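# Descriptive structure summary
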Amino acid sequence: MRGVNRGHRVWPSLLVACVLALGGLAEAIGPTLIPQVDEFIDAPRALFGRTRAEIERVLGVPPYPGVVIRYSPASALTSVAITAPTYRLPQGLGVGASRRDVDLYSDGYPDTVEFYFRDGHVRRIEWNYWAESR
């Protein structure tokens, strides 16, 4: 099932798996590569950490240019939004990537990734971590 396109914003059903077409050319989509999906879903936690203390050890004290990070009352990471191409993400997918390089596939996992587009390119990627926010 594909995400629902509403203007410049793509809303995933639950989980969005991302596939970067090699060389910017869309290739036939084969089976979902769950390890690559998991790597992308976990990218902000791998880059910055899972708790406020871990994130501040990596990035220092907020604010952080090009990234918005939210925590639960217990300081667990609940969401990350990246709005600048500053941070390296898995498979080369990030802010500035072409819309044709993002393929959306939904399944039943509770963590989500939302892509926001402008002029045919990714302008924002937002992760929401349901399990860690409880």
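Shown above is the structure to which this text applies.
Rules of the game
Once a new chain begins, its residue numbering starts again from 1 and follows that chain's sequence as written. Whole-chain, interface and lining totals are the exception, using all residues; otherwise, since this is a predicted model, local features are given only for residues with pLDDT of at least 70 and side-chain atom pairs are given and counted only at 80 or more. Side-chain metrics rest on all non-hydrogen atoms present in the structure, leaving aside hydrogens and water. Every helix listed is a DSSP run of H or I at least four residues long, and every strand listed is a run of E at least two residues long, numbered separately from the N terminus. Think of it in three bands: with a 1.4 Å probe and only protein chains considered, a residue is buried below 20% of the maximum accessible area for its type, exposed above 50%, and partly exposed in between. Working rule for contacts: check all heavy atoms of both residues, and any pair within 4.5 Å makes them a contact. To measure how exposed things are, a 1.4 Å probe is used in the Shrake-Rupley method; for residues, cover is taken only from the protein chains shown. By the criterion applied in these results, polar contacts are pairs of N or O atoms within 3.5 Å in which, for protein atoms, one can donate a hydrogen and the other can accept it, and in which residues neighboring in sequence qualify only through two side-chain atoms. For salt bridges, the criterion is a side-chain nitrogen of Lys or Arg within 4 Å of an Asp or Glu carboxyl oxygen.

## Looking at the overall build of the protein
Secondary structure assignment for the protein yields three helices and eight strands. Starting at the N terminus, the α and β elements of the protein follow one another as β-β-β-α-α-α-β-β-β-β-β. Counting every position in the protein, which comprises 134 residues, the buried fraction comes to 43%. Residue pairs at least 24 apart in sequence account for 58% of intrachain contacts in the protein once pairs closer than 6 positions are excluded. Element-wise, carbon and sulfur atoms account for 56% of the exposed surface of the protein, whose accessible area totals about 7,600 Å².

## Quick look at the environment of Tyr-116
Relative to the elements of secondary structure, Tyr-116 occurs in strand β7 (residues 112–118). Judged by its relative accessible area of 5%, Tyr-116 falls in the buried class. As a C-alpha pair, Tyr-116 and Val-95 span 21 residues in sequence and 9.3 Å in three-dimensional space. At 2.6 Å, the side chain of Tyr-116 and the side chain of Glu-114 are in polar contact.

## Looking at the pattern of salt bridges
Applying the stated rule across the entire model yields five salt bridges. In this structure, the salt-bridge partner of Arg-45 is Asp-42, at a minimum N-O distance of 2.6 Å. Asp-42 gets classed as partly exposed once you look at its relative accessible area, which sits at 23%. Note that Asp-42 and Arg-50 form a salt bridge whose closest N and O atoms lie 3.4 Å from each other. Residue Arg-50 is classed as partly exposed on the basis of its relative accessible area of 39%. The network of salt bridges with shared partners includes Asp-42, Arg-45, Arg-50 and Asp-111.

Read these as spatial facts, not as claims about activity.
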